[in-house]
Amino acid sequence: MPISTVLSDAASLACAFLFTGDPSSDIITGAGSAETALLKALIRYGRFHRIDVFGRGLSSGSEDFFGASSPRTDVRFFGTAELPTILGEAVPDVGFCPFPLIWQLAQFRDFADRPFPIIGFVHTLAHLDIRSGLERNLRSVHHDHDVALCPSTAIAKTLEKMFDGIISDFPALAERRPAIVDCRLGIDVSEFSSRNKQAARSKLDLPESEMIMLYAGRLSLASKTDLLPLVAAFAALPPRNRDLLLIVGQQQQEGTSDLLLLHAQSLGVDDRLVILDGSDRATVVNAFVAADIFISPSDNIQESFGLTILEAMAAELAIVASDWNGYRSIIDHDETGLLIPTWSLPPDPEVVQNWYYRPRSVGLHMAELTVVDPVQMAAHLRNLRDDPAKRRSLGQNARNKVQSHDWPHVLKQVEDIIQDATDAPIPIREPCLAPMAWDVWNCFDHYPGTGLPTSFEVVLTRHAEKIDLRILQRLAGLAGLDWASMEEILDGVGRSGRLTIQSSGSDSYGSSQIRATVFLIKHMVLERKE
């Protein structure tokens, strides 16, 4: 069914939404913000005749938080404990919840006098209990008429791989496999309609005339993005006036801001780095309006799509981003932004074994084996800084493209998916057991856009001597990487001026020498010579 099709009977449908966030919390997460944005969009633009929202701490006084003022929708808020009673009294036509938690909402389907499909939105597949959640979906009360909404082709592929692994161990579960649909997330494009750059800078106490390069997002090396290479790439730019690197985000890993400032100080650019708290939405929006260039060097498997990329497009900014997962499904290189070559190594199996007990450490470990080429990052930033016509062209093209991600347009596609899910009868399934399995690299190896060559030479960068290696030593330890191997690599390069790294196949990619080399390239201590 075409995305543009407008459902004639959408207004006759009722939906139940299992909200897993906490409106009273100041903590912002990518999944939480995406879930809240979807619910607000359904309330504001959706054409359901009733939306029942269930969640921890919700009550009839929750309307203001979600903007439940649409005259077209009857919106009611309930605590999670009220789910069985309400579903027994008023059966929805469709349910919504985070996809790994479909089993939680599906448990309550038994309280309704008829089954209904559940639309599960997938934000990330990189958290602690994702595998067990997917298995519960298949083993217990999951139906093949339920739908997984994936924000990018890459994350849909990861979900397919995960289900392949489960079903290969237990083929009887194949009939319970859900529909997996590639459905982009949306934003409110009008939120970024202001073009008053000077007013936005004044509100944030930023200089009027300097070139501002912006990163916006949560500050966490373990679960978002390692920004140390960005600071190094910024420091590598040839000086021109006084460029400014602006980082806006809520710190979710203690000490991240201090680490970035310490790194900037060692590179001599601490007076040109500004870090602002992004807890306040107005600060984030003003930062986009105030900026000239947006940069997002994502390196973490937690990143599935990139709502900040869409926001930068809506703000008509020139964008520089890693060639990573959902980013490359949004950005057309050299047309709506510039992609940075990005490549990864398989993780150390011994570190992955600790996934259950130390999930953030595993995420950081894999991120530190992902290189968003810092030399090319600096080149892209320099090209855009020095070419205002290129910045304008990329920004205008991005603004035109982002219109298709405006929430009213996105919800038309969601409504089409709902219609398909509600058209067919849903069979009753009996519980079924299945074993567990988890091959993390097989599930995420397609995220980076570039492969690692089997042989390459490395040399010291011209900025290597400025970098405080104590910072990198600490980070390597947190990521489960061998610092002694890095010292050997640096020793070898220091003696001969360059070093050839050989790898005969994917198995040797797992060696400590290869991992050490990749880490040093990532942080602009070494660079590859083709």
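The structure under discussion appears in the preceding block.
Since the model is a prediction, treat every value here as computed from it, not as a measurement. Counting of residues starts from 1 at the beginning of each chain's written sequence and follows it residue by residue. A pLDDT threshold of at least 70 governs which residues receive local features in this predicted model, and a stricter bar of 80 or more applies before side-chain atom pairs are shown or counted, although totals over entire chains, interfaces and linings include all residues. Calculated side-chain values reflect all of the structure's heavy atoms, with hydrogen atoms and water omitted.

**What to know about the packing of aromatic side chains**
For the record, the criterion: Aromatic rings from Phe, Tyr and Trp, with only the six-membered ring used for Trp, were paired whenever their centres fell within 6.5 Å, and each pair was classed as stacked if the ring planes differed by under 30 degrees, edge-to-face if by over 60, and tilted otherwise. A run of H or I in DSSP counts as a helix once it spans at least four residues, and a run of E counts as a strand once it spans at least two, with each numbered from the N terminus. Note on exposure labels: buried denotes an accessible area under 20% of the residue type's maximum, exposed denotes more than 50%, and partly exposed covers the range between, all computed with a 1.4 Å probe on protein chains only. Put simply, a charge is over a ring when the Lys NZ or the Arg CZ is close to the ring centre, within 6 Å, and near the line of the ring normal, within 35 degrees.
Counted under the stated rule, the structure contains eight aromatic pairs. When the centroid spacing of 6.2 Å and the interplanar angle of 85° are considered together, the rings of Phe99 and Phe163 count as edge-to-face. Here the residue Phe99 occupies a position in the loop between strand S4 (94-98) and helix H4 (102-107), and Phe163 occupies one in helix H6 (residues 153-169), the gap between them amounting to 64 residues. Each member of the pair, Phe99 as well as Phe163, carries the same accessibility label: buried. Ring centres 5.6 Å apart and planes at 85° place the aromatic pair Phe192 and Phe288 in the edge-to-face group. Of this pair, Phe192 sits in the loop between strand S7 (179-182) and helix H7 (197-203) while Phe288 sits in helix H10 (residues 281-290), and the two are 96 residues apart along the sequence. The two residues Phe192 and Phe288 agree in class, both being buried. Among the aromatic residues, ring-to-ring pairing joins Phe17, Phe96 and Phe121 into one connected group. The ring of Phe456 is capped by Arg528, whose NZ or CZ atom sits 5.6 Å from the centre of that ring.

**Quick notes on the environment of Val458**
Its location among the elements puts Val458 in strand S16 (residues 455-460). A sequence separation of 72 residues divides Val458 from Glu530, and the C-alpha atoms of the two residues are 8.8 Å apart.

**Considering the packing of helix H20 (residues 483-496) against helix H21 (residues 512-522)**
Going by this rule: Think of each axis as a best-fit line through the C-alpha atoms, taken over the contacting stretch in the case of a helix, with angles from 0 to 180 degrees between the N-to-C directions. By definition in this entry, angles of less than 35 degrees are roughly parallel, angles greater than 145 are roughly antiparallel, angles of 65 to 115 are roughly perpendicular, and the rest are oblique. Whether two residues are in contact is decided by their heavy atoms: any pair within 4.5 Å suffices.
Contact pair H20 / H21: the axes reach a minimum separation of 8 Å and the direction vectors enclose 75°. Classified by the angle between their axes, H20 and H21 sit roughly perpendicular to one another. Judged by residue contacts, Trp483, Ser485, Met486, Ile489 and Leu490 of H20 engage Ser512, Gln513, Ala516, Thr517, Phe519 and Leu520 from H21.

**Thoughts on the sheet that holds strand S6 (residues 147-150)**
The criterion, for reference: In this analysis, strands are considered paired if DSSP registers two or more bridges between them.
Spatially, S3-S2-S1-S4-S5-S6-S7 is the arrangement adopted by the seven strands of the open sheet, whose pairing is parallel. If you trace the sheet from one side to the other, it starts and ends with strand S3 (74-78) and S7, each paired once. The average undirected angle you get between the axes of adjacent strands in this sheet is 20°. Bridge analysis of S6 against S7 gives four bridges, and the strand direction is parallel. Counterpart to Ala148 in the pairing with S7 is Ile180. Packing against the sheet, H6 makes contact with S6 and S7, and its axis sits at approximately 165° to S7.

**Points about the environment of Val518**
Among the structural elements, Val518 can be located in helix H21. Under the relative-accessibility criterion, Val518 is labelled buried at 0%.

**Examining the environment of Arg498**
The cut-off we apply is this: In the analysis that follows, any N or O atom pair within 3.5 Å is treated as a polar contact, provided that within protein one partner can donate a hydrogen and the other can accept it, and provided that, for residues neighboring in sequence, both atoms belong to side chains.
Along the chain, Arg498 falls in the loop between H20 and strand S17 (499-502). Residue Arg498 is classed as partly exposed on the basis of its relative accessible area, which comes to 40%. A C-alpha to C-alpha distance of 6.6 Å links Arg498 and Glu457, two positions 41 residues apart in sequence. Once residues within four sequence positions are removed from consideration, Arg498 is found in contact with Glu457, Val458, Val459, Gly492, Val493 and Lys529. Within the structure, Arg498 has its side chain in polar contact with the side chain of Glu457 (distance 2.7 Å).

**Some remarks on unusual backbone geometry**
Despite not being glycine, Glu316 shows a phi value in the positive range, around 65°. One can find Glu316 in the loop between helix H11 (307-314) and strand S12 (318-322). Positive phi values are uncommon outside glycine, yet Met524 reaches one of about 65°. Its place among the elements puts Met524 in the loop between H21 and strand S18 (526-529).

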